[in-house]
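Chain and residue survey
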Amino acid sequence: MDTPEKKKVIFSAIQPSGTITLGNYLGALRNWVKLQDNYNCIFAVADLHAITVRQEPKTFRQNILNAYALLLACGIDTEKSLFFIQSHVHTHAELAWVLNCYTQFGELSRMTQFKDKSAKHADNVNAGLFAYPSLMAADILLYQSDMVPVGADQKQHLELARNIAERFNGIYGNTFKVPEPYISTVGARVMSLQEPTKKMSKSDENVNAWVAVLDKPDTIMKKFKRAVTDSEAVVKVGEGKDGINNLIGIMSAVTGKTADEIAIEFEGKGYGDFKTAVAEAVIEEVKPIQARFDEYINNKDYLVEQYRKSAEIAEKISQRTLDKAMKKIGFIAK
Ligand code: TYM
């Protein structure tokens, strides 16, 4: 019989920088919720990662809490999963330092996200931004995670986490489980509504480029109506039709219909009708989440109780791995 201890371990996290987008939801959060029944799931609000970009303290504090409440609203269940705030569990920053010393400058320089973000924040290319993937590796390796459900944009960071784990194990013997990425087939790469060759990102300054899970229905409708398409006016996946391909991808992820079924349904209809239908499907999907979010965010005591409870357990689990790694390196135990 499968005992709970034998369930595979899943770890994933999300940054609380700004708003949580439809990309985050379809690419990651929705899968996390589904995985909770069959795996030992550990999730975190990755606030330590977020300070690689300057944050305004008051807004940052609110964003962390909002992210926590929103994930609960999406269906993360603290009875089934551990769900904590990264900075509350000190082992993450500690193992990140250790792993920094087993990560090469060349490897970190090749990270696409580092290249993108350092171009975007040219006035603040800090060491944290550079070393960000070692912290992410620490998050994952501390829990001996088997699988990491993420959107396609995090694949490169995960490969690096695997390389770091293998390198460490190669030097000191088996210490860390080497994790597998888990990238779903639908929704893994939701694109910008304005520049559909770029991923939808909450840090995009053009607010019409992304849809937030907490956007009001009329805002969602407006953003989809403004979505960039092409001049062909045929609702069908095709080359060079990045905007429509993206909208079909979103529709498919939200409704469960295949791209072919969607093409048949909208045969002979214009892009206007299709955009409205996609917006309506998204509005339906986020409506119950928004209602639950309002309840959670107004119940601060409950949030505090949940994140403290999970952090305490996470600390115990992760401390075991940290101690093991430190001992292998040659540090003296207290
Ligand atoms: P973050 O906060 O940028 O995004 C959270 C999750 O959402 C996915 N995602 C997307 N999926 C599809 N389409 C998009 N447009 C899109 N945008 C974002 C991301 O792939 C991610 O799964 N470094 C991570 C957070 C992190 C982490 C970890 C993840 C910290 N430690 C350990 C896994 C394991 C990040 O910045 O994700």
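Within each chain, residues carry numbers counting from 1 in the order of the written sequence. In view of the model being predicted, local features appear only for residues whose pLDDT reaches at least 70, and side-chain atom pairs are presented and counted only at 80 or more, with totals across whole chains, interfaces and linings using the full set of residues. Side-chain metrics rest on all non-hydrogen atoms present in the structure, leaving aside hydrogens and water.

On to unusual backbone geometry, then. Note: most peptide bonds trans; most residues except glycine with negative phi. We note that Gln144 has phi near 50°; this positive angle belongs to a residue other than glycine. Mapping Gln144 onto the fold places it in the loop between helix 7 (127-141) and strand 4 (147-149). Only protein chains enter the accessibility calculation, which uses a 1.4 Å probe; a residue is then buried when its area is under 20% of its type maximum, exposed when over 50%, and partly exposed in between. Take Gln144: its relative accessible area is 23%, and that puts it in the partly exposed class. In the Ramachandran plot, Ala233 falls in the positive-phi region, its phi being about 60° despite a non-glycine side chain. Relative to the elements of secondary structure, Ala233 occurs in the loop between helix 9 (217-225) and helix 10 (242-255). Secondary structure elements follow DSSP: runs of H or I of four or more residues count as helices, runs of E of two or more count as strands, with numbering from the N terminus.

Turning our eyes to something else, we now look at the packing of aromatic side chains. Paired rings are identified among Phe, Tyr and Trp, the last through its six-membered ring, by centres lying within 6.5 Å, and are further divided according to the angle between planes into stacked (under 30 degrees), edge-to-face (over 60) and tilted (the rest). Under the counting rule described, the total for this entry stands at 13 aromatic pairs. Note on Phe105 and Phe130: the rings are 5.1 Å apart at their centroids and 45° apart in plane angle, and the pair reads as tilted. One end of the pair, Phe105, is in helix 5 (residues 105-109); the other, Phe130, is in helix 7, with 25 residues separating them in the sequence. What makes Phe105 exposed here is its relative accessible area of 61%. Owing to a relative accessible area of 17%, Phe130 belongs among the buried residues under this scheme. Ring centres of Tyr296 and Tyr302 lie 5.9 Å apart, and the angle between their planes is 25°; on these two criteria the pair is classed as stacked. By relative accessible area, which is 29% here, Tyr302 ends up partly exposed.

Here the focus is the environment of Ala46. When you line up the elements, Ala46 lands in the loop between strand 2 (40-45) and helix 2 (47-50). Spatially, the C-alpha atoms of Ala46 and Ile14 are 5.4 Å apart, while their sequence positions differ by 32 residues. Discounting residues that sit within four places of it in the chain, Ala46 has contacts with Ala13, Ile14, Gln15, Pro16 and Gln86. The contact criterion used throughout is that any non-hydrogen atoms of two residues lie within 4.5 Å.

To qualify as a nonpolar core, a set must consist of buried Ala, Val, Leu, Ile, Met, Phe, Trp, Tyr and Cys residues joined through side-chain atoms within 4.5 Å. In this structure, Leu22, Phe224, Ile250 and Phe274 are the most contacted members of the largest nonpolar core, which totals 65 residues. The split of the chain into domains comes from an automatic or database domain assignment. Summarising the domain contributions, this core has at least three residues from each of domain 1 (9-187 + 300-329) and domain 2 (207-293). Val89, Leu141, Ile164 and Ala314 belong to the second largest nonpolar core, which has 39 residues in total.

In the region of the ligand, 27 residues are neighbours, and Gln15, Tyr132, Asp139, Asp153 and Val190 sit closest. Identification of polar contacts relies on pairs of N or O atoms within 3.5 Å, with a donor-acceptor requirement for protein atoms, meaning one able to donate a hydrogen and the other able to accept it, and with residues adjacent in sequence counted only if both atoms are side-chain atoms. One of the backbone nitrogen or oxygen atoms of Gly151 is found 2.8 Å away from an oxygen atom of the ligand. Contact between the ligand and Gln154: a nitrogen atom at 3.4 Å from a side-chain N or O atom of the residue. In these tables, accessible area is a Shrake-Rupley quantity obtained with a 1.4 Å probe, and a residue counts as shielded only by the protein chains included in the view. Summarising the interface, the protein chains cover 97% of the accessible area of the ligand, which totals 710 Å² for the free molecule. Those elements giving two or more residues to the shell around the ligand turn out to be strand 1 (9-14), helix 1 (22-35) and helix 7. Summary of the distance rule: residues count as near a molecule or strand when at least one heavy atom falls within 4 Å of that molecule or strand.

Compared with an ideal rise of 1.5 Å per residue, which puts 27 residues at 39 Å, helix 12 (residues 271-297) spans 37 Å between its outermost C-alpha atoms and is within 8% of the ideal. Bend is the name given here to the angle between axes fitted to two runs of seven residues, the run ending at a residue and the run starting at it. Its maximal kink placed at Val286, helix 12 deviates by approximately 35°, while the proline Pro288 follows within four residues. Under the convention used throughout, the expected extent of a helix is 1.5 Å for every residue step, that is, one less than its residue count.

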